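# Per-entry structural report
As a plain string of letters, each chain reads:
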Amino acid sequence: MSTTASSATLPDESVRIPVAGMTCAACSSRVQAALQKQPGVVDANVNLMMKTATVRFNPAVVSPEGLVSTIEATGYGAHLASPEETAFEEQAERDRVAAEEFRELKFKAVVSAVAGAVAMIVSMPLMAGDPVHSGVTADPFMRWAMESLTPRLRAATPWLYEIPSAVITWTLLFMTLGIMAWAGRHFYTRAWAAFRHHSADMNTLVAVGTGAAFLYSVLATVAPGFFLASGVMPDVYYEAVIIIIALILTGNAFEARAKTQTSSALRSLVQLQPATARVVRNGPEGEVEVDAPIETLEAGETVIVRPGERIPVDGEVLSGESAVDESMLTGESLPVAKKAGDAVIGGTVNRTGAFRYRATTLGSDSVLSRIVKLMRDAQGSRAPIQKLADRVSGIFVPVVISIAIATFVAWFVTADAAPAVRAFVAAVAVLIIACPCAMGLAVPTAVMVSTGKGAELGVLIKGGEALQRAGDISTIVLDKTGTVTEGMPAVTDLIMAPESSREAEDVVRLVASIETLSEHPLADAIVRHARERGISLAVPEAFDSVTGRGVVGVVDGAALAVGNVAMLADFAIDPAPLAADAERLASEGKTPMYVAMDGELAAVVAVADPIRESSREAVRRFHELGLEVVMLTGDNRHTAEAIARQAGIDRVVAEVLPDGKVAEIDRLQSEGKVVAMVGDGINDAPALAKSDVGMAIGTGTDIAVEAGDVVLMRGDLRAAAQAVELSRRTMRTMKQNLFWAFIYNVIGIPIAAGVLYPAFGLLLSPILASAAMAFSSVSVVANSLRLRRVKFA
Amino acid sequence: MTISGIDWLVIVAGIAAIAWVNWYFFVAGRKPAALQREQHDDNPS
């Protein structure tokens, strides 16, 4: 009972475990199923592309080491990454493993191919005397080999035809055994591990196909008399076994290389991190500049950066000025000016001047590290469309084995000549041509390439689900301030009430003083306006911010209320004397704010936030993509409509409170629209969460990386259009991949089974089948890689 | 086309093999999971 109690009280924990040896969707499904069956596991998600298992578990029931054992029992490798391992180190380790895997596969493929070619040549004399091979073969590959190669081989190497058949077959037997045990070993060990767990994958098909061909050949080698007595030629298929292994290994090597390329964007991000930083430290003779490994840096230390150097860690400029190229993180092509007090991001490049800065966030908290982690998680996530492929992969292999058996029976019963041989060859071809790998790779490769491409554009898409949903959106809702507009408003007008006795400068001083405590962007404009004019501000004696209305407080003994009409109504103040002016200012796209002092209307201050250069073009792109564009704002209707007119926005919902934004999105969704919301990650967080796709827009270095489903790293609405376009192209690629993977099997398996034989006399050898199978996986990955070359307007 | 005794044998063996493959991968594989889940539900610790 005590254990039950502790398991109930301990919170769930989560662990990421790197898994080695997974090759297809069935592999990841098997590991995932084994983990999900493990008592204590709350949730498990195994990703084929990232080769990781993310497991949420109850630590009172199962330990991380227990989870590693569970994975190892399925036949795959697993180890626990050290908790100190950063996203950079994890990626470096993954790259090392991938490079090693590629080297090993390539070496094995080359050796097997050479062995296969030798086996093929050595087998020629055996086939020459065999009526099935020489006369009635219906396989185009074998026919070509027999008709074009045999005469030349006989002329070039007559001695080969003098060697007794038994010597050749026994030599081939040992050669094949060697290749199977060395190059093809993992097919058999993994197939066996899967079988023990009542599961089957690509390895099962290769193992059963080549294993059956090998055993048949061994029987024909050891007891040829038994075959001859039954009226069957004792054919051997050693060369087929070796060539199949060589071709599948070649396919796997190409696939490994291509899969590595799908994460090239993530690798480029990781490589942005410099290894050392020039730091000012205290030496025996006072302050000295030393090149220190960045792991040794501490927050607060002073770092020096010269022109052309990469900024090693995040920080805040202390002295000096420069322009910094942040394009690698934000997609912003123009260098950004930096001066004392500005933030700089580690990994960006200093262009013009030298400066000193204070290191702030380091290690796993740095902006670059958070982006790398986000990208890594996104690339390892699943898109909902993957479920279809998962469902098919789950039943695929047993169904293919059943078809192979049925093929054998059908050929055995109906073949006019050499039924056993025909039946056997066709059944092996069915097993070899079937390819569950292409289905497993169709979606994850597209997710990886697409999220990488997005990062290059300064668009961080947080996973397959967000990627898929972004392609479905029909309505895009834009926040006004900081999204459609610059978010840097300035005071444009100050109109005093006719009956006010105050001086204009006095009104500015009092209003700016109270606004120093407000966090609203419009407040900043007023404070900046006063400071630029050298007006000294007072400390407010009282202050309160009223959401959706404005601010109230006391400055220098004067009771102040600054805000909209609703604010005046709260204090029963009549806005009529300035209502016409306020309306006119609003119709010009400015935000009028009424100022009341000691219960009387004093003035109206207008602040305008200019529209961003890129907003008009972005809205045009949204329209081209067929999206309805809606602008949501807390501002008054006139201002909002004026901005919307300038930007070309279809519909405006003005004067909404933050919760009103959520209600509006809810209303749009209830009309059946799929809604994306673009806004800043802080003020618009509830609306971003409510929308189908929340796009958080970054402003300068203040990037809310954790907010929203998509992060637009630069404050440019065109990035939102690029996100939608990228998502649609990715969905198209995923559908092409899935279609190709399905259709390949739907067409390939019946051809291998021999459906074309009655009409065209055409049969497929297992060798051609293995070449087709290798090609199908590679073609799917290559199609996904095309997304890297997509150009956006 | 006449079906010989050996043909009948191959047909029956083929049907049996298909049945076994489907039973092994789709039915037998689920039993341990279901049993494990039941045991886990009985004793959540």
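Residues numbered from 1 in each chain as written. Chains lettered and ligands numbered in written order. Predicted model: local features only at pLDDT ≥ 70, side-chain atom pairs only at ≥ 80, totals over all residues. Heavy atoms only, no water.

## Quick look at the interface of chain B and chain A
- Taken together, the contacts link 22 residues of chain B with 23 residues of chain A.
- Linking chain B with chain A are zero salt bridges, by the criterion used here.
- On the surface where chain B and chain A come into contact, there are three residue pairs in polar contact (both at pLDDT 80 or more).
- Of all the secondary-structure elements, those providing two or more residues to the side of chain B that touches chain A are helix 1 (5-28) and helix 2 (30-42) of chain B.
- Looking at which element gives the most residues to the side of chain B that touches chain A, the answer is helix 1 of chain B, with 14 residues.
- Broken down by class, the residue content of the side of chain B that touches chain A amounts to 15 nonpolar, six polar and one charged. (Contact = heavy atoms within 4.5 Å. Salt bridge = Lys/Arg side-chain N within 4 Å of Asp/Glu carboxyl O. Polar contact = N/O pair within 3.5 Å; in protein donor to acceptor, adjacent residues only side chain to side chain. Helix = DSSP H or I, 4+ residues; strand = E, 2+ residues; numbered from the N terminus. Nonpolar A, V, L, I, M, F, W, Y, C, P; charged D, E, K, R; others polar.)

## Things to note about the pattern of salt bridges
All names here are of chain A.
- Taken as a whole and judged by the stated rule, the model has 36 salt bridges over all chains.
- For Arg351, the salt bridge is made with Asp325, and the minimal N-O distance between the two is 2.7 Å. Pair noted here: Arg351 is in the loop between strand 12 (349-350) and strand 13 (355-359) and Asp325 is in strand 9 (residues 322-325), with a separation of 26 residues, a long-range link.
- With a relative accessible area of 42%, Arg351 lands in the partly exposed category.
- Since its relative accessible area comes to 9%, Asp325 is described here as buried.
- The partner of Asp342 in a salt bridge is Lys339, with the nearest N and O atoms 3.9 Å apart.
- Overall, the relative accessible area of 46% leaves Lys339 in the partly exposed class.
- Several salt bridges converge on common partners, so that one network encompasses Glu628, Arg651, Glu664, Arg667, Glu671 and Lys673. (Buried < 20%, exposed > 50% of the residue type's maximum accessible area, 1.4 Å probe, protein only.)

## Details of the packing of aromatic side chains
- Within this structure, the stated rule accounts for 18 aromatic pairs over all chains.
- Aromatic pair Tyr237 of chain A and Phe424 of chain A: ring centres 6.0 Å apart, planes at 50 degrees, arrangement tilted. Taken together, the residues span a long stretch of sequence, with Tyr237 of chain A in the loop between helix 10 (224-229) and helix 11 (238-262) and Phe424 of chain A in helix 16 (residues 419-433) at a distance of 187 residues.
- When the centroid spacing of 5.0 Å and the interplanar angle of 20 degrees are considered together, the rings of Trp20 of chain B and Tyr24 of chain B count as stacked. (Phe/Tyr/Trp six-rings, centres within 6.5 Å; stacked < 30°, edge-to-face > 60°.)

## Points about helix 15 (residues 386-414) of chain A
- Taking 1.5 Å of rise per residue, 29 residues should cover 42 Å, and helix 15 of chain A covers 40 Å from first to last C-alpha, within 8% of that figure.
- Of all the bends in helix 15 of chain A, the largest measures some 40 degrees and sits at Phe396 of chain A, one to four residues before the proline Pro398 of chain A. (Expected span 1.5 Å × (residues − 1). Bend = angle between axes of the 7 residues up to and from the residue.)

## Observations concerning helix 3 (residues 64-73) of chain A
Residues and elements named next belong to chain A.
- Every buried residue of helix 3 is accounted for by Leu67, Val68, Thr70 and Ile71. Around the axis of helix 3, the buried residues are gathered within 160 degrees of arc, so they sit on the same side.
- The first or second residue beyond helix 3 is Gly75, which carries a positive phi of 100 degrees. (Arc of directions from axis to C-beta.)

## Let's talk about the sheet that holds strand 3 (residues 52-57) of chain A
Residues and elements named next belong to chain A.
- One open sheet holds the four strands; their spatial order is 2-3-1-4, and the pairing between them is antiparallel. The two strands at the open ends of the sheet, each matched to only one other strand, are strand 2 (41-47) and strand 4 (77-78).
- Judged from the six bridges that link them, strand 2 and strand 3 form a sheet pairing that is antiparallel. Paired with Asn47 across the two strands is Thr52, which belongs to strand 3.
- Packing against the sheet, helix 3 makes contact with strand 1 (13-20), strand 2, strand 3 and strand 4, and its axis sits at approximately 35 degrees to strand 1. (Pairing = 2+ DSSP bridges. Axes fitted to C-alpha atoms, helices over the stretch in contact; angles between N-to-C directions.)

## So, a nonpolar patch on the surface
All names here are of chain A.
- Together, Trp170, Phe174, Leu177 and Val222 make up an exposed nonpolar region whose accessible area comes to about 400 Å².
- With three residues, the single largest contributor to the nonpolar patch is helix 7 (residues 165-182).
- Along the chain, the position of Phe174 falls in helix 7. (Patch = residues over 30% accessible without salt bridge, like charges linked within 9 Å, V, L, I, M, F, W, Y side chains within 5 Å. Areas by Shrake-Rupley, 256 points an atom, 1.4 Å probe, with all protein chains shown as cover.)

## With respect to the nonpolar core
Residue and element names in this part refer to chain A.
- Formed by 171 residues in total, the largest nonpolar core has its most connected members in Phe622 and Met695.
- The element contributing the most residues to this core is helix 28 (residues 718-753), with 14 residues.
- Sequence-distant contacts of Phe622, defined by excluding residues within four places in its chain, comprise Ile476, Leu478, Leu627, Val629, Leu717, Ala720 and Ala721.
- Membership of the second largest hydrophobic core comes to 25 residues, among which are Val511, Ala530, Leu560 and Val605. (Core = buried A, V, L, I, M, F, W, Y, C linked by side-chain atoms within 4.5 Å.)

## Quick notes on the side chain of Ser614 of chain A
- Residue placement: Ser614 of chain A occurs in helix 24 (residues 613-624).
- Each residue touching Ser614 of chain A, except ones within four places of it in the same chain, is listed here: Asp716, Leu717 and Arg718 of chain A.

## Details of the side chain of Arg278 of chain A
- Mapped onto the secondary structure, Arg278 of chain A falls in strand 5 (residues 276-283).
- Polar side-chain contacts of Arg278 of chain A include one of 3.2 Å to the side chain of Glu309 of chain A.

## Here we look at the confidence of the model for chain A
Residues and elements named next belong to chain A.
- When pLDDT is averaged across chain A, the result is 84; 93% of the residues are at 70 or more.
- The weakest mean pLDDT in chain A belongs to helix 1 (residues 2-9) at 42; the strongest belongs to helix 7 at 93.
- In this model, residues 1-8 is a region of pLDDT below 50 whose contacts with residues beyond four sequence positions or in other chains number seven contacts.
- The low-confidence segment residues 131-136, where pLDDT is below 50, has 16 contacts with residues more than four positions distant or belonging to other chains. (pLDDT = per-residue confidence, 0-100.)

## Looking at the pairing of strand 1 of chain A
All names here are of chain A.
- Sheet topology places strand 1 next to strand 3; six bridges connect them, and they run antiparallel. If you follow Ser14 over to strand 3, its bridge partner there is Arg56.
- Here strand 1 pairs with strand 4 via two bridges, running antiparallel. Following the sheet pairing, Val19 is matched in strand 4 by Ala78.

## Here's the deal with the sheet that holds strand 11 (residues 343-344) of chain A
All names here are of chain A.
- The sheet built from six strands is open, its strands ordered 6-5-7-13-8-11 with antiparallel pairing. Two strands in the sheet have a free side with no partner beyond their single neighbour: strand 6 (286-293) and strand 11.
- In terms of strand pairing, strand 7 (residues 302-305) meets strand 13 through four bridges, oriented antiparallel. Bridge pairing links Val303 to Tyr357 in strand 13.

## Thoughts on the pairing of strand 15 (residues 475-479) of chain A
All names here are of chain A.
- Counting buried residues along strand 15, five of its five residues qualify, which places the element largely inside the surrounding structure.
- The pairing of strand 15 with strand 22 (residues 628-632) spans five bridges and is parallel. Opposite Val477, over in strand 22, you have Val630 as the bridge partner.
- Summarising the sheet, strand 15 and strand 24 (residues 675-679) pair through four bridges and their orientation is parallel. Among the inter-strand pairings, Ile476 is bridged to a residue of strand 24, identified as Ala676.

## Some remarks on the packing of helix 24 of chain A against helix 28 of chain A
Residue and element names in this part refer to chain A.
- Contact geometry for helix 24 and helix 28: axes closest at 8 Å, N-to-C directions at 25 degrees. Here helix 28 runs roughly parallel to helix 24, going by the angle between their axes. The way helix 24 lies across helix 28 gives a crossing that is left-handed. Along its contact with helix 24, which presents Ser614, Glu617, Ala618, Arg621 and Phe622, the element helix 28 presents Arg718, Ala720, Ala721 and Glu725.
- Residue classes in the contact of helix 24 with helix 28 are distributed as four nonpolar, one polar and four charged. (Parallel < 35°, antiparallel > 145°, perpendicular 65-115°, else oblique. Left-handed = near helix turned anticlockwise from the far one by under 90°.)

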